[in-house]
Amino acid sequence: MNIHVKKTVPIEYLEVAKAYRKVRQGGKAMGIDEESWVEFEKQTERNLYVVWNRLASGSYHPQAVREVEIPKKDGKMRKLGIPTLRDRIAQQVVKAYMEKRIDKLFHENSYGYRPMKSAHDAIEQVRQNSYKQDWVIDMDISKFFDEIDHGLMLKATAHVIGDKWVQMYVERWLRMPILKEDGTLQAKEGKGTPQGGVISPLLANLYLHFSLDMWLARHYPQVSFVRYADDAVIHCNSKSEAETVLEAIKERLSEVKLRVNETKTRIAYCKDYRRKENHDVVKFEFLGFSYQPRARKSQRDGKKFMAFTAEISPSNRKRITELIRENKLWKNTTLEITAISDLLNSKLRGWINYYGRYSKRNLRRMLMKIDERLIKWIGKKHKTGHRKSSEKLKRIRQDNPALFYHWQKGY
C-alpha cells in the first residue's frame, strides 16, 4: 500500500500493525460502535491505515467507553470500561511508545503489567519478605481506577515524557466519557481511568510510582514493599513501625486524592515457630494466595514445625471447586470425553500453571473433583455403576495420559 499522510506525530504504519496483532490476542468484547474483529478484518489493511492516518496527523479522537459490570469475589460488582477495537489499537501504539521510555524508571518492587515481571515474581518476593520481617501492612486502595486525578496524572506524564503528542493523547483517553448500561453518557469530571483500557495499567503504574513507590523508598527505606497495580503489601520490622507507616500512607494518599479502603486494609503478624507475639491477625491475601501459619515437616529430621507460607487462598479454592461442580458439561451425556477435555483444558492449564507453584497438595485435592465428576458422567452416559465407571476412567487415563491437562502434570 502506498501511504501518504501529513505527519505531526512520529508514528509509523508498522507500529499500528504491530499494535493490532498485540490487542487481537486479547478480548473480543465490542465497544460502543459494536464493531467486531470479524467486521474489522473484512478490510484489515484499510482500517489500520485509517487508525494510523488519524494518529499520525494528531486528529485521532477516541469514542466513549462502554461500561459493563462483572461480579467480584465479595459479591459486589466491578465496573469495566470497554473501548472500541480501534481505540484499543491506538492505545497500544502509545502505550508501547511510552513503555520503552519509562518502564526503566519504575521501582524494582512494582510488578504489575510490566515487561519481564510477573505475578509469580511478586508472590515470591512477598514470601521472601515474610521470612525477613515480622509485620505486614496488607493495603487496599479504595476505588483506585475511579479516583485517579487527571491533573496529577497529566503532570506525572509530562514529567517523564516530553512529547506533547503523547500528553495530548493521554489527556483525550482520560477524558473519554462512559456509556452506562442504561444508555446514559457520563462525563469523567476530572478523575478516573477505565479498567479495561489498554493504556490504563501503564498510567496506573505511573501514578503510583510517584504517589507511593518513590515516596516509600524516600521516607521509609527500612520497609520492604511489593506492589502489583493497586494491590500492595508492605513489610515492617515491628508492630509500632507498621502502625506509624500505615498512618503516614493514609496521609500521603490523601495528598494525591486517593484513600485507603479501611475495611480491607489491616496489619498482620507473620507468625511462625520463631515468632511468639500475640496478634489477632496472622494471615493476609495477595494475588490469589493466602500467606499464613501452616504446619510443615522438616526435611532434615522429619519433625513438624510452624511455618509462614503461601498457598492458594480459601476464596479461590472455593471458587474453583464451585466452577468444577456447577459446570454444565456434566449434564451433557451426548458429548465424547475428548470434547470435555477440549473444553476443560484451558481452565486446568491456567489453574495449574498459576496455583501449582505453591499449592500442589491443595490443588491436587481440588482437581480430584474433576475425576469424580468424570466417573459420574461416564456412569450416566453408559448407564453403569460407580465401580465400572471408575474402572473405565482408569483405562481411559492409562490409554490417553495426556487427554486432560491435570493428567499430563501428574495430578
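Residues numbered from 1 in each chain as written. Predicted model: local features only at pLDDT ≥ 70, side-chain atom pairs only at ≥ 80, totals over all residues. Heavy atoms only, no water.

This next bit is on the environment of Arg361. Mapped onto the elements, Arg361 comes out in helix H13 (residues 360-382). For the pair Arg361 and Tyr411, spaced 50 residues apart in sequence, the C-alpha separation works out to 9.1 Å. Each residue touching Arg361, except ones within four places of it in the same chain, is listed here: Arg296 and Glu311. (Helix = DSSP H or I, 4+ residues; strand = E, 2+ residues; numbered from the N terminus. Contact = heavy atoms within 4.5 Å.)

As a rule of thumb, non-glycine residues mostly have phi less than zero, and peptide bonds are mostly trans rather than cis. Within the chain, Glu34 stands out as a residue other than glycine whose phi angle is a positive 60°. Structurally, the position occupied by Glu34 is in the loop between helix H1 (13-24) and helix H2 (37-40). The class for Glu34 is exposed, based on a relative accessible area of 63%. You will see that Met116, though not glycine, has its phi angle at about 65°, which is positive. (Buried < 20%, exposed > 50% of the residue type's maximum accessible area, 1.4 Å probe, protein only.)

The subject of this paragraph is the nonpolar core. Counting 73 residues, the largest nonpolar core has Ile89, Met98, Leu216 and Ile249 as the members making the most contacts within it. Listed in part, the 48 residues of the second largest apolar core include Ala229, Leu335, Tyr355 and Met366. (Core = buried A, V, L, I, M, F, W, Y, C linked by side-chain atoms within 4.5 Å.)

The next point concerns the sheet that holds strand E4 (residues 178-179). Taken in spatial order, the four strands make up an open sheet running E2-E1-E4-E5, and their pairing is mixed. Two strands in the sheet have a free side with no partner beyond their single neighbour: strand E2 (77-82) and strand E5 (185-186). (Pairing = 2+ DSSP bridges.)

This brings us to the pairing of strand E10 (residues 289-297). As defined by bridge partners, strand E9 (residues 284-286) adjoins E10 across three bridges and the pair is classed as antiparallel. Of the residues in E10, the one forming a bridge with Glu285 is Ser290. Between the antiparallel neighbours E9 and E10 lie two residues, among them Leu287 with a positive phi of about 55°. As defined by bridge partners, E10 adjoins strand E11 (residues 304-312) across nine bridges and the pair is classed as antiparallel. When the sheet's bridge partners are listed, Phe289 is paired in E11 with Ile312. Adjacent in sequence and paired antiparallel, E10 and E11 are bridged by six residues, among which Gly302 carries a positive phi angle near 80°.

Where strands meet in a sheet, backbone hydrogen bonds hold them as pairs that are either parallel or antiparallel. Spatially, the four strands line up as an open sheet ordered E6-E7-E3-E8, and their pairing is antiparallel. Each edge of the sheet is formed by a strand with only one pairing partner; in this case those strands are strand E6 (224-228) and strand E8 (266-269). Across the sheet, the mean angle separating the axes of adjacent strands is 20° when strand polarity is ignored. As paired elements, E6 and strand E7 (residues 231-236) share five bridges and run antiparallel to each other. Bridging across to E7, Phe225 finds its partner in Ile234. (Axes fitted to C-alpha atoms, helices over the stretch in contact; angles between N-to-C directions.)

The next thing to look at is the packing of helix H9 (residues 200-219) against helix H10 (residues 239-255). In helix packing, the relevant descriptors are the interaxial angle and the interaxial distance, both defined with respect to the helix axes. Interhelical geometry of H9 versus H10 gives an angle of 145° and a closest axis separation of 11 Å. Crossing of H9 over H10 shows right-handed handedness. Between H9 and H10, the residues in contact are Phe210, Ser211, Leu212, Trp215 and Leu216 and Val245, Ala248, Ile249 and Arg252, respectively. (Left-handed = near helix turned anticlockwise from the far one by under 90°.)

Structurally, the position occupied by Asp138 is in strand E3 (residues 135-140). The residues touching Asp138, leaving out its near neighbours within four places in the chain, are Ala232, Lys264, Thr265, Arg266, Phe284 and Glu285.

Time to look at helix H3 (residues 44-57). Between the first and last C-alpha of H3 there are 20 Å, a value that for 14 residues agrees with the 20 Å anticipated at 1.5 Å per step. Asn47, Leu48, Val50, Val51, Trp52, Leu55 and Ala56 are the residues of H3 that are buried. Where H3 is buried, its residues meet H1, H2, helix H4 (85-102) and helix H8 (164-174). Of the residues flanking the end of H3, it is Gly58, one or two places downstream, whose phi is positive at about 80°. (Expected span 1.5 Å × (residues − 1).)

Bridge count between strand E1 (residues 65-71) and E4: two bridges; the pairing is parallel. In the strand pairing of E4, Arg66 is matched with Leu179.

Moving on to the side chain of Asn205. Tracing the backbone shows Asn205 in helix H9. Under the relative-accessibility criterion, Asn205 is labelled buried at 1%. For Asn205, the side chain forms a polar contact with the main-chain oxygen of Gly112, separated by 2.7 Å. (Polar contact = N/O pair within 3.5 Å; in protein donor to acceptor, adjacent residues only side chain to side chain.)

Axis separation between helix H12 (residues 337-355) and H13 bottoms out at 12 Å; the angle between their running directions is 175°. Between H12 and H13, the angle is such that the two are roughly antiparallel. In this structure, H12 contributes Ile337, Ile340, Leu344, Leu348, Trp351, Ile352 and Tyr355 to the contact, and H13 contributes Leu363, Leu367, Ile370, Leu374 and Trp377. Among the residues making up the contact of H12 with H13, the classes are represented as 12 nonpolar, no polar and no charged. (Parallel < 35°, antiparallel > 145°, perpendicular 65-115°, else oblique. Nonpolar A, V, L, I, M, F, W, Y, C, P; charged D, E, K, R; others polar.)

So, on to the environment of His209. Summarising the element assignment, His209 is placed in helix H9. Each C-alpha atom of the pair His209 and Ser110 lies 8.1 Å from the other, and the pair is 99 residues apart in sequence. Setting aside chain neighbours within four positions, we find His209 in contact with Leu105, Phe106, His107, Met214 and Arg227.

Turning our attention to the packing of aromatic side chains. Tallying each qualifying case throughout the model produces 22 aromatic pairs. A centroid spacing of 6.5 Å and a plane angle of 75° characterise the contact between Trp165 and Tyr169, whose relative ring orientation is edge-to-face. Taken as a pair, Trp165 and Tyr169 lie in helix H8 at a separation of four residues, close to a single helical turn. Of the two residues, Trp165 and Tyr169, neither departs from the other in class, the shared state being buried. (Phe/Tyr/Trp six-rings, centres within 6.5 Å; stacked < 30°, edge-to-face > 60°.)

According to the stated counting rule, one finds zero disulfides in the structure shown. Unpaired in this structure, Cys236 has its nearest cysteine sulfur neighbour in Cys270, at a distance of 10 Å. On the basis of relative accessibility, which here comes to 0%, the residue Cys236 falls in the buried class. On the basis of relative accessible area, Cys270 is assigned to the buried category, the value being 0%. (Disulfide = S-S within 2.5 Å.)

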